[in-house]
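Okay, here's what each chain looks like letter by letter:
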Amino acid sequence: MAATQVTCPLDCADACGMLVESDAHGRFVSLRGNPAHGYSKGVLCGKTAIYGALLDAPERLRTPLVRVGTKPDGRLEPATWERALARIAERIAPLRGAGHRILASSYAGTMGRVQRFFPMRAMHALGATTTDGGLCDNSTTAGYECVLGEVYGADLEALEEHSALVLWGCDMVRTVQHLQPAVQRMCKRGVPVLALDIYRTDTFRALEAWGGRGLLLKPGTDAALALGLMRLCFERGYVNRAFLAERCVGGAAFEAHVLSAHDLAWTSATTGIAAHEIEALADLLGRSPRFLIKTGVGFGRRRNGAMSMRAVCSLASVLGKPEQIHYESAGCFQLANDVIERPDLRPADARRDVIQQVKTGRELASGRFGAVFVWGHNPAVVCPESRLVRAGLARPDVFTVVHEQFLTDTAQLADVVLPATMFPEHTDVYRSYGHRRLQWARRACNPPDGPRCNVDAFAAIARALELPRETWDATSESVAEEFVRASTVHWSASSVAALRRGDPVKVTPPGCAGQGTKSGKVELVSQAAHALGQPAMASYVPDDGAGTRGEFWLVCAPSVHTHNSTFAHSPRHVRRRGAHFVHMHPEDAGALGLDDGQEALLSNVHGALTLPVRITRDMPRGTLRVDGMPIASETREGVGVNGLVSAEVSDMGDSNTLYSTRVDVRSAAR
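These remarks concern the structure in this document. (Residues numbered from 1 in each chain as written. Predicted model: local features only at pLDDT ≥ 70, side-chain atom pairs only at ≥ 80, totals over all residues. Heavy atoms only, no water.)

Section: the overall build of the chain
How we decide: Only DSSP runs of H or I reaching four residues or more are called helices, and only runs of E reaching two or more are called strands; each is numbered from the N terminus. Note on exposure labels: buried denotes an accessible area under 20% of the residue type's maximum, exposed denotes more than 50%, and partly exposed covers the range between, all computed with a 1.4 Å probe on protein chains only. Every residue pair with non-hydrogen atoms within 4.5 Å of one another is taken to be in contact. Using the Shrake-Rupley algorithm and a 1.4 Å probe, accessible areas are obtained, with residue cover drawn only from the displayed protein chains. When charges are counted, Lys and Arg contribute as positive and Asp and Glu as negative, whereas His and the chain ends are disregarded. One atom stands in for each charge, and that atom is NZ of Lys, CZ of Arg, CG of Asp or CD of Glu.
Assigned secondary structure in the chain consists of 25 helices and 27 strands. Counting only C-alpha atoms and orienting by the principal axes, one finds that the chain spans roughly 70 × 70 × 55 Å. Counting only residues that meet the buried cut, the chain has 64% of its 670 residues in that class. A separation threshold of at least 6 residues defines the contact pool for the chain, and within that pool the share at least 24 residues apart is 76%. Counting every atom, the chain has about 23800 Å² of accessible surface; 50% of that belongs to carbon and sulfur. Across the chain, the centroid of the 74 positively charged side chains sits 1 Å from that of the 71 negatively charged ones.

Here's what the structure looks like:
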């Protein structure tokens, strides 16, 4: 039996190392954690540990499907690859020379660099319109980069070297699970550990059991808290004035800005945190020789998300410790992604259109597109205003090609569906956005007959369309080789050799805080932000709901047992998850006449969604929570949470405003 080192492909910061076992015939046998992985250390989360259930799932797509009849009617029937490719070539031919009418729609269904980005070769050669990738964390990234430049982040493998830890908007138990053993040891040693969030998360409960604690703040007030903490730090002498003068842009102006408002009474009233707790947090950060602020991305999924991150980064900076904040680590890798995508294949006369991904539904409704290629993505579920997305994909004048593993909500609306391999069945290169490890994972087992990896599928499409040779004369292995060679030119020979062996290799960041800002310093005053119409300094801008109205904030939180819509077609995962609920404070439920288990109707200007109520004191009054993303078949209305989410973008980064959703609630029985 052979064991191959691979990486979990899910859109998760932990990017865990695995060992996949196969038999002498190359058939999948099992998978387990890789103890040689320096970050995940052989431990897998519950959802990935049973990933093998997907490989042999009866519902898995094993043959192409071609629509007979016209959308939205007709049906998808099995076809050969030859027939499917011929249909694609036939329908795309009239769009040659007008590539901007073709939309390339992809996202993070796999985090492997080769499989995720190789299809862009064909899309570039066609001159297709692309998206800005704004579905998840663009606003948080924009806020971080505005102040600190490249997103390097602290080394999470050195977590226990810190003298205090603040988990700011980071539900560690659900989203960065591999931090838990180190955090538990820190708590047991008496290291102060505090979580900040808008409801009582699983992390709150874990910390309380270990000796840490959590504080609740009002939704969307993270910047207000950071500004109030900074004022206290200035007043109490915690600020590193040498760093402020030498390494920051606008230190004096920023100090005046912070001290002009944001006093303790205002901060407490705005955030809902007691004044003595705010003071204690300021003292903790100000007196700790080496604190770490580990942020999540949730507070960035708001209308004011980038501003919130700017404020938190500014807080770490005035204390002279900008390197002691971790949001992500993607900037550490400096990878040669263009080698995979080949934007140089784009025709010189082709328009270079890029749409805001969160507005996919509106763009499809406009009628500007005649075709859409979808891979690694389920826009009918995960894009805002998903009713518009579904309607757009169902248009008979929009020819839709979907490369998928299961018949997802998006695949059901396609004209051609092509079956895809799963991660143990193809070669890829993975980097984390949470830690600093890169891995070249070879194919660990053979796929069933029918499914093809992204490279092979889009190479076949490109050849059928008679695109340039570079778009189709390639394999996963050859592209990975080219990519690794271009990305490791400055690496040591031993590190390159380890990567080629398939070992998870730790990367050293190329620079320091401030690298990548225009000034090369920490920009507490940002002319770049000002040019975008944003305040030049971190400020508190209340969340306006992104155009939605209602009595309640609606939060779509990570699920314990599934991952967005990835495992929605795995009966084993779905059984473990159970039904979807809307979690609500008992006093809110009582005021609405709702009992536990009774169905409630959530509604706003974008639509309605019916879900049973789960009454819990984990939720503060005025805030609702739904775990995971229901697919169409799991709701009465045939649409998930994103049917209620506005496609209006965040303050910077053109990102989603998922957590800015407001809804009204009533009993569904009325």
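Focus: the packing of aromatic side chains
Here is the rule: Within 6.5 Å between ring centres, the rings of Phe, Tyr and Trp (the latter by its six-membered ring) count as paired, and their orientation is classed by plane angle as stacked under 30 degrees, edge-to-face over 60, tilted in between. Either the NZ atom of lysine or the CZ atom of arginine qualifies as a charge over a ring when it sits within 6 Å of the ring centre and within 35 degrees of the ring normal.
On inspection of all chains with the given rule, the structure shows five aromatic pairs. When the centroid spacing of 4.8 Å and the interplanar angle of 70° are considered together, the rings of Tyr51 and Phe423 count as edge-to-face. Taken as a pair, Tyr51 in the loop between helix H1 (46-49) and helix H2 (52-55) and Phe423 in the loop between strand S17 (416-419) and strand S18 (428-431) lie far apart in primary sequence, 372 residues in all. Of the two residues, Tyr51 and Phe423, neither departs from the other in class, the shared state being buried. Plain terms: the ring middles of Trp266 and Tyr540 are 5.9 Å apart, the flat faces sit at 70° to each other, and that makes the pair edge-to-face. With Trp266 in helix H13 (residues 264-271) and Tyr540 in the loop between helix H23 (527-531) and strand S22 (552-557), this pair connects stretches of sequence that are 274 residues apart. Trp266 gets classed as partly exposed once you look at its relative accessible area, which sits at 29%. For Tyr540, a relative accessible area of 23% corresponds to the partly exposed category. An aromatic cluster is built from Phe373, Trp375 and Phe458, whose rings are joined through pairwise contacts. Here Arg452 stacks its cationic end above the ring of Trp81, 4.0 Å away from the centre of that ring. Here the guanidinium or amino end of Arg662 rests over the ring plane of Trp553, the centre of that ring lying 4.3 Å away.

Some points on the pairing of strand S4 (residues 65-68)
What counts, and what does not: Paired strands are those between which DSSP finds at least two bridges.
In terms of strand pairing, S4 meets strand S5 (residues 75-78) through four bridges, oriented antiparallel. Each residue of the ladder has a partner; that of Val66, found in S5, is Glu77. Summarising the sheet, S4 and S17 pair through two bridges and their orientation is antiparallel. Counted as the bridge partner of Val66 is Val416 from S17.

Focus on the environment of Gln184
Among the secondary structure elements, Gln184 is positioned in helix H8 (residues 180-188). On the basis of relative accessibility, which here comes to 26%, the residue Gln184 falls in the partly exposed class. Sequence separation between Gln184 and Leu207 is 23 residues, and the spatial gap between their C-alpha atoms is 7.6 Å.

Some remarks on helix H20 (residues 454-464)
The element H20 is extensively covered by neighbouring structure, given that eight of its 11 residues are classed as buried. Asn454, Val455, Ala457, Phe458, Ala459, Ala460, Ile461 and Ala462 are the residues of H20 that are buried. Downstream of H20 by one or two residues, Glu466 has phi in the positive range, about 60°.

Some thoughts on the packing of helix H10 (residues 222-235) against helix H14 (residues 275-287)
Keep this limit in mind: Orientation is described by lines fitted to C-alpha atoms, with helices fitted over the stretch in contact, and by angles between N-to-C directions that extend from 0 to 180 degrees. Crossing handedness: left-handed means the near helix sits turned counterclockwise from the far one by under a right angle, and right-handed means the same turn made clockwise.
Their axes nearest at 9 Å, the elements H10 and H14 cross at an angle of 65°. The element H10 and its partner H14 pack so that their crossing is right-handed. For the pair formed by H10 and H14, the contact residues are Leu225, Leu229, Leu232 and Cys233 on the first element and Ile278, Glu279, Leu281, Ala282 and Leu285 on the second.

Observations regarding the environment of Ala589
Structurally, Ala589 is set in helix H25 (residues 586-591). Sequence spacing of Ala589 and Val613 is 24 residues, and the spatial spacing of their C-alpha atoms is 8.3 Å. Beyond its immediate sequence surroundings of up to four residues, Ala589 is in contact with Met584, Leu594 and Ile615.

A short note on the pattern of salt bridges
Quick note on the threshold: What makes a salt bridge here is a side-chain nitrogen of Lys or Arg within 4 Å of a carboxyl oxygen of Asp or Glu, nothing more.
For the coordinates displayed, the defined rule picks out 43 salt bridges. We note a salt bridge from Arg342 to Asp344, for which the minimum N-O separation is 2.8 Å. You can call Arg342 buried: its relative accessible area is 19%. Across the pair Arg621 and Asp588 runs a salt bridge whose closest N-O atoms are separated by 2.8 Å. On the criterion of sequence distance, the pair formed by Arg621 in the loop between strand S25 (607-615) and strand S26 (623-627) and Asp588 in helix H25 is long-range, its members being 33 residues apart. For Arg621, a relative accessible area of 46% corresponds to the partly exposed category. What makes Asp588 buried here is its relative accessible area of 4%. When salt bridges that share partners are traced, they join Arg174, Arg200, Asp202, Arg205, Glu208, Asp618, Arg625 and Asp627 into one network.

Some remarks on the nonpolar core
Cut-off, in case you're wondering: Only buried Ala, Val, Leu, Ile, Met, Phe, Trp, Tyr and Cys residues count toward a nonpolar core, and they belong to the same one when joined by side-chain atoms within 4.5 Å.
If you look at the biggest cluster of nonpolar residues, it comprises 83 residues, and the most contacted ones within it are Met172, Val183, Leu602, Leu624 and Val665. A per-element tally of this core places S22 first, with five residues. In contact with Leu602, not counting residues within four places along its chain, are Leu554, Val582, Gly607, Ala608, Leu609, Leu624, Leu644, Val663, Asp664 and Val665.

Digging into the sheet that holds strand S15 (residues 371-375)
The strand order across the open sheet formed by six strands is S5-S4-S17-S16-S15-S6, and the pairing between neighbours is mixed. Each having just a single partner strand, S5 and strand S6 (102-106) make up the two edges of the open sheet. On average, each strand axis in the sheet is tilted by 20° relative to the strand beside it, whichever way the strands run. Against the sheet, helix H3 (residues 81-92) touches S4, S5, S6, S15, strand S16 (399-404) and S17, its axis set at about 135° to S17. Running at roughly 160° to S15, H20 makes contact with S15, S16 and S17 of the sheet.

Focus on H3
Our working rule: One less than the residue count of a helix, multiplied by 1.5 Å, gives the span that helix is expected to have. Relevant arc is that of directions from the helix axis to the C-beta atoms, nothing else.
Across its 12 residues, H3 extends 16 Å between first and last C-alpha, which sits within 8% of the 16 Å expected from 1.5 Å per residue. Turning to H3, its buried residues are Trp81, Ala84, Leu85, Ile88 and Ile92. Along H3, the residues classed as buried sweep out an arc of 95° about the axis, all on the same side. Structural note: H3 exposes Glu82 and Glu90 on the side pointing more than 90 degrees away from its buried face.

A short note on unusual backbone geometry
With an omega of 0°, the peptide bond between Lys71 and Pro72 qualifies as cis. As for its position among the elements, Pro72 is in the loop between S4 and S5. In this structure, Glu385 takes a positive phi of about 50° despite not being glycine. Mapped onto the elements, Glu385 comes out in the loop between helix H18 (379-382) and helix H19 (386-393). On the accessibility criterion, Glu385 (7% relative accessible area) is buried. In this structure, Asp654 is a non-glycine residue whose phi angle is positive, near 50°.

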